[in-house]
Amino acid sequence: MERTGAEIFVESLRKEGVHTLFGYPGGVVLNIYDVLYDSDIRHILVRHEQAAVHAADGYARATGEVGVALVTSGPGATNTVTGLATAYMDSVPIVVFSGQVPTHLIGNDAFQEADIVGITRPCTKHNYLVKDVRDLARVIKEAFYLARSGRPGPVLVDLPKDVIVGRAEYVYPEAAKLRGYNPTYEGHLGQIKKALKAVHESRRPVVYAGGGVILSNASRELTEFARRLRLPVTTTLMGLGAFPGSDPLFLGMLGMHGTYRANMAVSHADLLVAVGARFDDRVTGKIDEFAPNAKIVHVDIDPTSISKNVQVDIPIVGDAKNVLKKMLGLVHGPEWEARDEVLREWHAEIEAWRRAHRMDYGQGEDVIKPQYVVEQLHEATAGRCIVSTEVGQNQMWAAQYFRLEEPRCWLTSGGLGTMGYGFPAAIGAQAAFPDRVVIDIAGDGSIQMNIQELATAVQYELPVKVAILNNGFLGMVRQWQELFYDRRYSHTRMDVAPDFVKLAEAYGALGLRATRPDEVRPVIEQALAHPGPVLMDFHVDPEEGVYPMVPAGAPLTKMLLL
Amino acid sequence: MRHTINVLVENEFGVLARVAGLFSGRGFNIDSLSVAETQDPTVSLMTIVTRGDDQIIEQIIKQLHKLVNVLKVTDLHEGQYLDRELVLVKVAATAETKPEILRLMDIFRGKIVDVSPKTYTVEVTGGEDKIRAVLELMRPLGIKEVVRTGKVAMPRGMQNGG
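Starting afresh in each chain, residues are numbered from 1 along the sequence in its written order. Each chain takes a letter, starting from A, and each ligand takes a number, starting from 1, following the order in which they are written. The model is predicted, so local features are restricted to residues of pLDDT at least 70 and side-chain atom pairs to those at 80 or more, both for listing and for counting; the totals for chains, interfaces and linings are taken over all residues. Excluding hydrogens and water, the side-chain figures rest on all heavy atoms present in the structure.

### A short note on the interface of chain A and chain B
Inclusion rule: Pairs of residues are marked as contacts when any of their non-hydrogen atoms sit within 4.5 Å. The term buried area denotes the loss of accessible surface (1.4 Å probe radius) that occurs when two parts are joined, taken as the sum for both partners. When a carboxyl oxygen of Asp or Glu lies within 4 Å of a side-chain nitrogen of Lys or Arg, that pair is called a salt bridge. Think of a polar contact as two N or O atoms within 3.5 Å of one another; within protein, one of them needs to be a possible hydrogen donor and the other a possible acceptor, and neighboring residues in sequence only count if both atoms come from side chains. Secondary structure elements are defined from DSSP: runs of H or I of at least 4 residues count as helices, runs of E of at least 2 residues count as strands, and each element is numbered from the N terminus.
Across the boundary between the two partners, chain A contributes 20 residues, which contact 21 residues of chain B. Around 1,600 Å² of area is buried between chain A and chain B when both sides are counted, 49% of it from carbon and sulfur atoms. Where chain A touches chain B, the interface holds two salt bridges. K66 of chain B serves as the salt-bridge partner of D302 of chain A, at 2.7 Å between the closest nitrogen and oxygen. Applying the counting criterion to the chain A and chain B interface returns 10 residue pairs in polar contact (both at pLDDT 80 or more). The element contributing the most residues to the side of chain A that touches chain B is strand β6 (residues 126-129) of chain A, with three residues.

### Side note on the sheet that holds strand β14 (residues 314-317) of chain A
Picture the strands of a sheet paired through backbone hydrogen bonds; they go either parallel or antiparallel. Residues and elements named next belong to chain A. Here is the rule: Each pair of strands is called paired provided DSSP finds at least two bridges between the two strands. Angles shown run from 0 to 180 degrees and are taken between the N-to-C directions of axes, each axis being a line fitted to C-alpha atoms and, for helices, limited to the stretch in contact.
Pairing is parallel in the open sheet, where six strands are placed in the order β11-β10-β9-β12-β13-β14. The sheet is open, and its two borders are formed by β11 (250-253) and β14, each paired with just one other strand. The average angle at which neighbouring strand axes cross in this sheet is 15°, direction not considered. Two elements, strand β9 (residues 205-209) and strand β12 (residues 271-275), share five bridges in a ladder whose sense is parallel. Residue pairing across strands places V206 opposite L272, the latter belonging to β12.

### Focus on the environment of V10 of chain A
Residues and elements named next belong to chain A. Within the secondary structure, V10 sits in helix α1 (residues 5-15). Through-space distance from the C-alpha of V10 to that of K197 is 52 Å; in sequence the pair is 187 residues apart. In contact with V10, not counting residues within four places along its chain, are V35, L36, S39 and I41.

### Here's the deal with the nonpolar core
Residue and element names in this part refer to chain A. Where we set the bar: By nonpolar core is meant a set of buried Ala, Val, Leu, Ile, Met, Phe, Trp, Tyr and Cys residues that side-chain atoms within 4.5 Å join together. Think of it in three bands: with a 1.4 Å probe and only protein chains considered, a residue is buried below 20% of the maximum accessible area for its type, exposed above 50%, and partly exposed in between.
In terms of nonpolar packing, the biggest core is built from 71 residues, with L222, M327, L377, I441, M536 and F538 touching the most fellow members. Every residue in contact with M536, bar those within four places of it in the chain, is listed here: L377, K465, V466, A467, I468, L512, V523, I524 and A527. In this structure, V96, I116, C123 and L454 belong to the second largest nonpolar core, which totals 49 residues.

### Focus on the side chain of R408 of chain A
All names here are of chain A. What counts is decided by this rule: Neither His nor the chain ends is counted toward charge; the positive residues are Lys and Arg and the negative residues Asp and Glu.
With respect to the helices and strands, R408 occurs in the loop between α18 (393-401) and β16 (410-411). Within the buried set, R408 has no salt-bridge partner at all; the shortest N-O distance to an opposite charge, 9.2 Å, is to E65. There is a polar contact of 3.2 Å between the side chain of R408 and the backbone oxygen of I214. At a separation of 3.1 Å, a polar atom in the side chain of R408 contacts the side chain of N217.

### Quick look at the pattern of salt bridges
According to the stated counting rule, one finds 50 salt bridges over all chains in the structure shown. Note that E2 of chain A and R167 of chain A form a salt bridge whose closest N and O atoms lie 3.7 Å from each other. Taken as a pair, E2 of chain A in strand β1 (residues 2-4) and R167 of chain A in strand β8 (residues 167-169) lie far apart in primary sequence, 165 residues in all. For R167 of chain A, a relative accessible area of 48% corresponds to the partly exposed category. Between E224 of chain A and R228 of chain A there is a salt bridge, with the nearest N and O atoms lying 2.6 Å from each other. One end of the pair, E224 of chain A, and the other, R228 of chain A, are both in helix α11 (residues 219-229), four residues apart, so they sit about a helical turn from each other. We classify E224 of chain A as partly exposed; its relative accessible area is 39%. Judged by relative accessible area, which is 28%, R228 of chain A ranks as partly exposed. What you see here is one network of salt bridges that share partners, running through R2, D31, R51, D83, E128 and K151 of chain B.

### Some details on the packing of helix α1 (residues 15-25) of chain B against helix α2 (residues 54-66) of chain B
Residues and elements named next belong to chain B. Stated formally: For any helix crossing, the convention is left-handed if the near helix is rotated counterclockwise from the far helix by under a right angle, and right-handed if that rotation is clockwise.
Between α1 and α2, the shortest axis-to-axis distance is 11 Å and the interhelical angle comes to 145°. α1 and α2 meet at a crossing whose hand is right-handed. The segment α1 lies against α2, with V19, L22 and F23 engaging I60, Q63 and L64.

### Some details on unusual backbone geometry
All names here are of chain A. Going from Y547 to P548, the amide bond is cis rather than trans, its omega being 0°. Summarising the element assignment, P548 is placed in the segment after β20 (534-539). A positive phi angle is found at N217, which is not glycine, with a value near 55°. Inspection of the secondary structure puts N217 in the loop between α10 (211-215) and α11. Note on N217: relative accessible area 45%, which makes it partly exposed. Phi at H491 is positive, roughly 60°, even though this residue is not glycine. Mapped onto the fold, H491 is located in the loop between α22 (475-484) and α23 (500-507). The exposure class of H491 is exposed, given its relative accessible area of 75%.

### Side note on the pairing of strand β1 (residues 2-10) of chain B
Residue and element names in this part refer to chain B. When you tally the buried positions in β1, you get seven out of nine residues, the bulk of the element. Summarising the sheet, β1 and strand β3 (residues 43-51) pair through nine bridges and their orientation is antiparallel. In the sheet register, H3 faces β3, and the bridge partner there is T50. Note that β1 and strand β4 (residues 70-76) share six bridges and pair antiparallel. Bridge assignment links I5 to a residue of β4, and that residue is D75.

### Some remarks on the packing of aromatic side chains
Spelled out, the test is: We call Phe, Tyr and Trp rings a pair once their centres come within 6.5 Å, taking the six-membered ring for Trp, and we label the pair stacked below 30 degrees between planes, edge-to-face above 60, and tilted otherwise. Each ring is checked for a lysine NZ or an arginine CZ that lies within 6 Å of its centre and within 35 degrees of its normal; such an atom marks a charge sitting over the ring.
Per the counting criterion, the structure on display carries 13 aromatic pairs over all chains. With a centroid separation of 5.7 Å and an interplanar angle of 90°, the aromatic rings of Y145 of chain A and Y181 of chain A are classed as edge-to-face. Here Y145 of chain A, found in helix α7 (residues 136-148), pairs with Y181 of chain A, found in the loop between β8 and α9 (189-201); they are 36 residues apart in sequence, far enough to count as distant. Among the residues examined, Y145 of chain A registers a relative accessible area of 28% and is labelled partly exposed. Its relative accessible area of 9% is what places Y181 of chain A among the buried residues. With centroids separated by 6.3 Å and ring planes inclined at 35°, the aromatic side chains of Y170 of chain A and Y172 of chain A adopt a geometry described as tilted. As far as burial versus exposure is concerned, Y170 of chain A and Y172 of chain A are alike and both buried. Aromatic ring contacts, followed pair by pair, group F9, F97 and F144 of chain A into a single cluster. Against the face of F13 of chain B rests K131 of chain A, its NZ or CZ located 4.3 Å from the ring centre. Here the basic side chain of R478 of chain A rests over the ring of F473 of chain A, its NZ or CZ set 5.4 Å away from the ring centre.

In structure tokens form, the structure reads like this:
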């Protein structure tokens, strides 16, 4: 039976199991919106296209499914770039559909035309311009397959108006066939055995887990592997939640704002087992002095990540879950027993580092410390919630003080560091899990980058709780100016800020404020008890810094502890 | 170190931009690039000459592999492949230089493909050394214009599935 491109679009989304779509209509996609009007797919109208993509991204990270966004041509499409780049850096499976001017006008500078395929080429896993309605179903199939398979990532599909209104016989392909695309899922057995031999021979091993563990749903395997072999575990920012934060083997986060013990352990390790982590410069510090004595095993599904930044001794290309499963299958037998004994000295050394420098902040009676807010949020929710963050100090305090126990509960822009990410991402996660508590830990700077989405949260009754750690500064930049620019606070003071309580009320949400430490917990309790979205404005110590800190380009052992 | 890399790609619009974008986006340089359809019209072959240390070349090859439209990447090793380049040279043709141009074309198995009252245009194909030698020898005669195709390369004999 012949169908229009718009009908093919909606039907194909249903076949891909899409329940929720984040979008913003416009001229060239009106036919799609017309079909959506009668469809059972839920469309959430955001207030800015960037937020549509972040929401799809948050939805994807929280559920493990593909997030979907739909926007119009020209500015609608170009507004998605930051969201696409964010998802690309963090390997998040999303598909973004953009409208495009009719094919005969492409290249003619038509109204609301942008070469979005050209613009997004470097920040998507792949992208398509559909030139014929007969290709549409196949392209959608491929787009979803590419987004979720291998190393996941964003895919953009550009839909010219004449493709949307054109007609074609509708057959949805059973499988995508891409002859140049064959991800490697199974790790090489020989390499796996080599890696295990290295683990067996090591006396100072550390497991270093990244976001790839969460993406491949390998947290359980990773946890079992570490516990069985008594391996200390550190994670990247993206890997938080891949290993239980309360486990005694957990060292905390590694890198620029990592814990003293994690950075010291990696710097003194004789073996580093990196799983689904890509040795970001925020993690390695000075690259020549990163894990100087360690043999490095690196498990990653993306061969380009291996030996890109650090030279790897034992590369294993494959899906983290498969590789860890195979490893677990091989670590039985007498030679693997008594690991506690073997690693006793190493664990004792780590314990000494743990005691030497505990993470702490002095919460007095007058001024609210931002870390205290984060700890109270954790306590009040018993850690059972989804946390998103903006970018900057708020993100690092959340990473340091909100102890995550489970994967897919942590939504943060790790790779790109996108301010304005957290709130729309929280909206996406809340749309997926209406009954869970979703908290966006924000700064007063970041929240103002997508604060218009309060309207979206109110309209769709998405009860996201936003906790603004309001210090009146672009805090992280201010911290760098304090430390490295002689306290010359050039353009980091947010002298004029909205009254966040009134602003929340203006949007129809609940606004709450705390200016004293004893008000923090009651505000949180009130926010959690409220059935709708809430903006909590915590006036925190304006000059509080994030510590420990490894200055950019310094080795991990040169931490500023303060 | 210079490397010659053959990249088999799907013959679709935008693929060249993806490959070129990969190089520019990562700050890798392309010395030459030639591309055309193969015996299979759905597939094109690109011959890319680039340079970098082992780690850079490894990244280039892996990143090329990662592109969805790339079917195969072959790093061609010195001495194990054939390569040719085509150059067209427009050179001043005077009573004195004409015999020299003809002599050079005879030696280098080039061809005169266009003649005007003041110029000869010659065509020469060959490996990089030969092209360089021709251009060096013609330079004193008064080169007006040069166009080069960039290298095309192919593994010798039965290698590469032959």
